Structures are given as structure tokens and as C-alpha cells.
Amino acid sequence: MSAVSDPPPVARRHPSEESLRDRLPAFPWDKLEPYKKTAAAHPGGIVDLSVGTPVDPVPERIQKALIAAADSPGYPTVWGTPELRDALTRWAERRLGARGITHHHVLPVVGSKELVAWLPTQLGLGPGDRVAYPRLAYPTYEVGARLARAEYEAYDDPTELDPTGLKLLWLNSPSNPTGRVLPKAELTRIVAWAREHGVLVLSDECYLELGWDADPVSVLHPDVNGGSYDGVVAVHSLSKRSNLAGYRAAFLAGDPAVLGPLLQIRKHGGMMTSAPTQAAVVAALGDDEHVRVQRERYTARRTALRMALLGHGFRIEHSEGGLYLWATRDESCWDTVARLAELGILVAPGDFYGPAGERFVRVALTATDERVRAAVERLKA
């Protein structure tokens with residue numbers, strides 16, 4: 001009598017794995033890996049223009065401030081040192097035109113991506129609540145809504161949304177990925193509409209100091225908000241303007257009625273910016289010269305890449321601000337990604353940012369001058 005073998009064990013998934021899979025989209029950047037390998041095989045090496053990560057040095061003044069604060073054995077506070085809050089309020093008044101900003105109007109956070117991903121949860125949003133964001137947008141807006149189990153939707157004009165159940169409205173100017181800059185009049189109209197319907201406005205302004213063909217305006221400007229911060233919060237980051245992506249340094253500014261409860265929640269969660277980073281932020285926000293120098297670097301790279309892309313048959317839309325060129329050859333974005341990968345150039349496919357980007361690619365300005373020159377030469381060939 002022959003023995004009957006036991007059936008193979010059935011692979012079981014932990015309930016948390018099932019839940020995570022249901023709540024989050026597939027990580028888009030994994031899809032780019034084959035094209036990255038193609039680009040890396042180019043004899044002249046890869047020119048990576050896909051991810052907008054800074055490549056230039058952290059300014060010496062900021063490094064020195066970080067080093068001077070390295071002996072920080074105690075826990076930092078979530079709200080930050082008084083010196084940090086002073087730096088945040090002064091910068092908001094000087095650079096954004098904000099008026100009457102106090103310590104209660106600002107809150108440091110551990111990088112802007114953390115904030116975007118967890119804000120709906122920290123605000124207490126959940127099933128039945130709605131979060132809205134631009135049709136072409138940073139994917140983490142959707143991720144944040146999913147993590148909170150809230151509903152989410154993309155918009156072309158937010159004032160055409162049904163305000164029922166809409167709790168959080170994301171704006172993004174200059175936009176990632178398109179570089180579109182919202183005019184002051186449009187911002188004013190949107191803020192008025194949101195207030196009329198009791199919708200909280202979160203304005204992602206992380207690229208505000210990188211306006212090229214337009215001058216970005218903050219929702220904190222009195223011409224936009226009428227001198228009141230009710231229902232309005234701006235998000236700012238030092239990653240781009242000061243090359244501090246590795247420091248995880250960002251902050252919120254706006255309505256104290258929103259920031260006060262957030263501060264308490266973040267205290268319970270231990271969401272503290274490190275003490276050395278807080279000292280570095282004070283130094284960074286107190287110095288405009290390094291921002292001017294960095295803008296000059298990006299201006300030169302943008303000009304060179306823009307001309308090379310246009311000469312290679314691309315059309316560029318928007319891109320009035322920010323660190324990217326939003327470009328198309330009127331073909332599938334993945335065809336464009338493949339074509340450029342053969343030249344050793346890696347770019348981000350537009351559909352990472354929504355179906356409306358399926359015929360565009362996002363070209364980052366964040367590569368060294370040498371790598372940008374290499375890309376330009378390859379596009380000319």
C-alpha cells in the first residue's frame with residue numbers, strides 16, 4: 001500500500017499584512033528598477049533625473065550649527081526650542097509676508113513626507129471623511145488618506161468638489177510634479193470657498209522659494225487669507241532650499257486651533273525633531289545667501305536641460321516653479337522612460353502622479369553640473 005503524502009502547507013498571511021495590502025497602493029518606484037539598470041549600463045554612466053534628492057553640499061554655516069549642537073544628551077521637545085520657534089516666525093514674516101505670527105502659529109515636524117502621510121490620522125479623520133488633492137499630485141497625499149481609512153479624490157478645481165464630508169483639502173504650489181504655480185487670485189478664491197464650507201486647507205509650499213517663471217505666493221499672505229489664519233495651514237521644508245533632505249527638517253505654520261491639538265498628539269507619539277537638527281534649522285532660516293547660491297545652481301541646470309529637451313522633441317508644460325520639468329513627447333510615459341534609459345538618462349514616469357500624467361515624464365534638476373552636462377550632450381546626439 002503506497003503512502004499518501006501530506007498536502008503542501010497553505011501559505012497564510014498575517015491579518016496585518018492583508019490590511020496593509022488593502023490600505024496602500026503598490027510602491028511605484030519599484031516599477032522603475034528595470035529602466036534604472038538599462039540607464040546604468042550606459043558607457044558614460046547613469047544620469048539620474050528621476051528622484052528629486054539634493055546633491056549639492058549642505059552649506060558650511062548649517063553644518064557648523066549641527067556640529068555645535070552635537071552634544072545633546074537630553075530629549076528634544078516636539079514644539080522645538082524657543083530659538084527655533086523664533087526662527088520660524090521671523091522667516092514666515094520675512095519670506096511669506098505673514099503678519100502677527102507667534103509661537104502658537106508654528107510647529108516643527110520630522111520632514112514633510114512624514115507630516116503628509118500621517119496628518120489625516122493625526123487629525124482624527126476616518127471612514128466617511130474625505131481628503132482631496134490635485135489631479136496630478138505627490139502620491140503621499142493619497143497614502144495619508146488611505147492610512148486613515150478616509151475616502152480620497154483628485155480634483156481639477158477644488159471649488160467644484162462636493163464639500164459634504166470634505167475635511168482636508170491639499171493645495172500644492174509650486175506643484176510636484178508639474179511645477180504649476182497657483183496665482184494669488186486663485187489661492188484667494190479657494191481659501192474663501194474652503195472657509196465657507198468649513199474645509200481645512202493644507203497648502204504644501206515646499207518649493208515656494210524656487211519660482212522661475214512665476215512668483216509663488218503663500219496662503220499665509222494677508223492678500224490671500226484676509227489677515228486671518230482660520231482654517232489655513234502651510235507646509236514648508238528645508239530639504240530643497242537648503243539641501244537638508246538628510247536632516248528631516250520641515251514645519252507647519254498657520255491656524256493655532258489646528259496646530260495646538262497636533263502638538264499634543266505629536267507629543268504623545270514622540271515625533272521630535274532632533275536637537276542638532278533644530279539648531280541647524282535656526283542657522284538655515286537665518287541666512288538667505290545660501291538659498292540665492294542654490295537657486296543659481298538650479299537656474300543653470302534648468303536652462304540647460306530645458307533647451308536640450310526642447311531640442312530633442314519634447315514639449316514642456318507649466319514648470320513655472322519647483323525642481324522639475326514636466327515634459328512630453330506625446331507618447332506613453334513608459335515609452336519615453338525607455339527611450340531615455342537607452343541614453344543613460346533616468347526620469348520619472350508621469351503616471352506615478354496620477355492617470356492624467358500618462359503621457360508625461362518628470363525630469364528633476366537635482367543632478368550635479370557634470371551629470372547635467374552629460375544628459376545635455378546625450379540629448380543633442
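Conventions and cut-offs
Residue positions are given per chain, counting from 1 as you read along its sequence in written order. Only residues with pLDDT of 70 or above have their local features reported here, since the model is predicted, and side-chain atom pairs are shown and tallied only from 80 upward, although totals for entire chains, interfaces and linings are computed over all residues. Side-chain numbers here rest on the full set of heavy atoms in the structure, without hydrogens or water. The secondary structure listing takes helices from DSSP runs of H or I that are at least 4 residues long and strands from runs of E that are at least 2 residues long, numbered from the N terminus. Radius of gyration: over C-alpha atoms. The globule rule applied is 2.2 Å multiplied by the number of residues raised to the 0.38 power. Per-residue accessibility, obtained with a 1.4 Å probe over protein chains only, is compared with the maximum for each type, and a residue is labelled buried under 20%, exposed over 50%, and partly exposed between these values. Note on contacts: a residue pair qualifies if any of its non-hydrogen atoms lie within 4.5 Å across the two residues. Method for areas: the Shrake-Rupley scheme with a 1.4 Å probe, in which residue coverage is limited to the protein chains shown. The convention is simple: Lys and Arg are positive, Asp and Glu are negative, and His and the chain ends are not counted. By convention, the point assigned to a charge is CZ for Arg, NZ for Lys, CD for Glu and CG for Asp. Whether a set of points on the 1 Å grid over the protein atoms alone is a cavity depends on a 1.4 Å probe fitting there but being unable to get out, while an open set qualifies as a pocket with protein on both sides within 12 Å along at least five of seven lines; lining residues are those with an atom within 4 Å of a point. Grid points are joined across faces, edges and corners, and a volume is the space filled by probe spheres set on the points. Following the grouping adopted for this structure description, the nonpolar residues are Ala, Val, Leu, Ile, Met, Phe, Trp, Tyr, Cys and Pro, the charged ones are Asp, Glu, Lys and Arg, and the polar ones are all others, Gly among them. Being paired, for any two strands, means DSSP has found at least two bridges between them. Stacked, tilted and edge-to-face are the three classes applied to pairs of Phe, Tyr and Trp rings, where Trp contributes its six-membered ring and a pair requires centres within 6.5 Å; stacked means planes under 30 degrees apart, edge-to-face means over 60, and tilted covers the rest. The rule for a charge over a ring is simple: NZ of Lys or CZ of Arg within 6 Å of the ring centre, and within 35 degrees of the ring normal. Within this scheme, the nonpolar core is defined by two criteria: the residues are buried Ala, Val, Leu, Ile, Met, Phe, Trp, Tyr or Cys, and they are joined through side-chain atoms within 4.5 Å. Lines fitted to C-alpha atoms define the axes here, with helix axes fitted over just the stretch in contact, and angles between the N-to-C directions of these axes take values from 0 to 180 degrees.

1. Quick word on the overall build of the chain
What the chain contains, in helices and strands, is 13 helices and 13 strands. Relative to a compact globule of 381 residues, whose C-alpha radius of gyration would be 21 Å, the chain shows 22 Å and is just as compact. Across its three principal directions, the C-alpha atoms of the chain cover 75 × 70 × 50 Å. Taking all 381 residues of the chain together, 52% fall into the buried category. In the chain, once contacts between residues fewer than 6 apart in sequence are set aside, the share between residues at least 24 apart is 75%. Summed over all atoms, the accessible surface of the chain reaches about 17100 Å², with 55% contributed by carbon and sulfur. Across the chain, 44 positive and 47 negative side-chain charges occur, with their mean positions spaced 3 Å apart.

2. Things to note about the layout of surface pockets
A volume near 1200 Å³ is recorded for the largest pocket. What lines the largest pocket is a set of 45 residues, and nearest its centre among them are Trp29, Lys113, Tyr138, Pro139 and Thr140. For the lining of the largest pocket, the secondary structure elements donating two or more residues are α5 (112-122), β3 (130-134), α6 (140-147) and β7 (232-237). Tallying contributions element by element places α6 first for the lining of the largest pocket, with five residues. Here the lining of the largest pocket is built from residues that sort into 27 nonpolar, nine polar and nine charged. A volume near 340 Å³ is recorded for the second largest pocket. Along the walls of the second largest pocket sit 18 residues, with Pro134, Arg135, Leu136, Asp156 and Arg180 positioned nearest its centre. Sorting the residues of the lining of the second largest pocket by element identifies β5 (166-172) and α7 (184-196) as the ones contributing at least two each. Across the lining of the second largest pocket, the residue classes tally to nine nonpolar, four polar and five charged.

3. Structural notes on the sheet that holds strand β12 (residues 348-349)
Spatially, β9-β10-β13-β12 is the arrangement adopted by the four strands of the open sheet, whose pairing is antiparallel. The open sheet has two edge strands with one neighbour each: β9 (315-317) and β12. Of the pairings in the sheet, the one linking β12 to strand β13 (residues 361-364) comprises two bridges and is antiparallel in character. For Pro349, the partnering residue across the bridge sits in β13 and is Val361.

4. Remarks on the packing of aromatic side chains
Taken as a whole and assessed by the stated rule, the structure comprises eleven aromatic pairs. Considering the side-chain rings of Tyr35 and Trp334, the 5.3 Å spacing of their centres and the 40° angle between planes classify their relative orientation as tilted. Highlighted residues: Tyr35 in helix α2 (residues 33-40) and Trp334 in helix α12 (residues 333-342), separated in sequence by 299 residues. The buried category is assigned to Trp334, whose relative accessible area is 16%. Each residue in the set Trp29, Tyr35, Trp326, Trp334, Phe352, Tyr353 and Phe360 is aromatic and connected to the rest through ring pairs, giving one cluster. Positioned above the aromatic ring of Phe314 is the side chain of Arg329, whose terminal nitrogen or guanidinium carbon lies 5.6 Å from the ring centre. Over the aromatic face of Tyr324 sits the side chain of Arg362, whose NZ or CZ is 3.8 Å from the ring centroid.

5. Examining the nonpolar core
Among the nonpolar cores identified, the biggest contains 68 residues, and Leu49, Trp170 and Leu252 are the most heavily contacted of them. By size, the runner-up hydrophobic cluster in this structure holds 43 residues, among which are Val58, Tyr155, Leu171 and Leu208.

6. Side note on the sheet that holds strand β6 (residues 200-204)
Sheet architecture is open: seven strands sit in the order β2-β8-β7-β6-β5-β3-β4, paired in mixed fashion. Of all the strands in the sheet, the pair left with one neighbour each is β2 (106-109) and β4 (151-155). On average, each strand axis in the sheet is tilted by 20° relative to the strand beside it, whichever way the strands run. As paired strands, β5 and β6 are joined by five bridges and run parallel to one another. Each bridged residue has a counterpart across the sheet, and for Asn172 the counterpart in β6 is Asp204. This element, helix α4 (residues 82-96), spans β2, β7 and β8 (250-254) of the sheet and lies at about 110° to β2.

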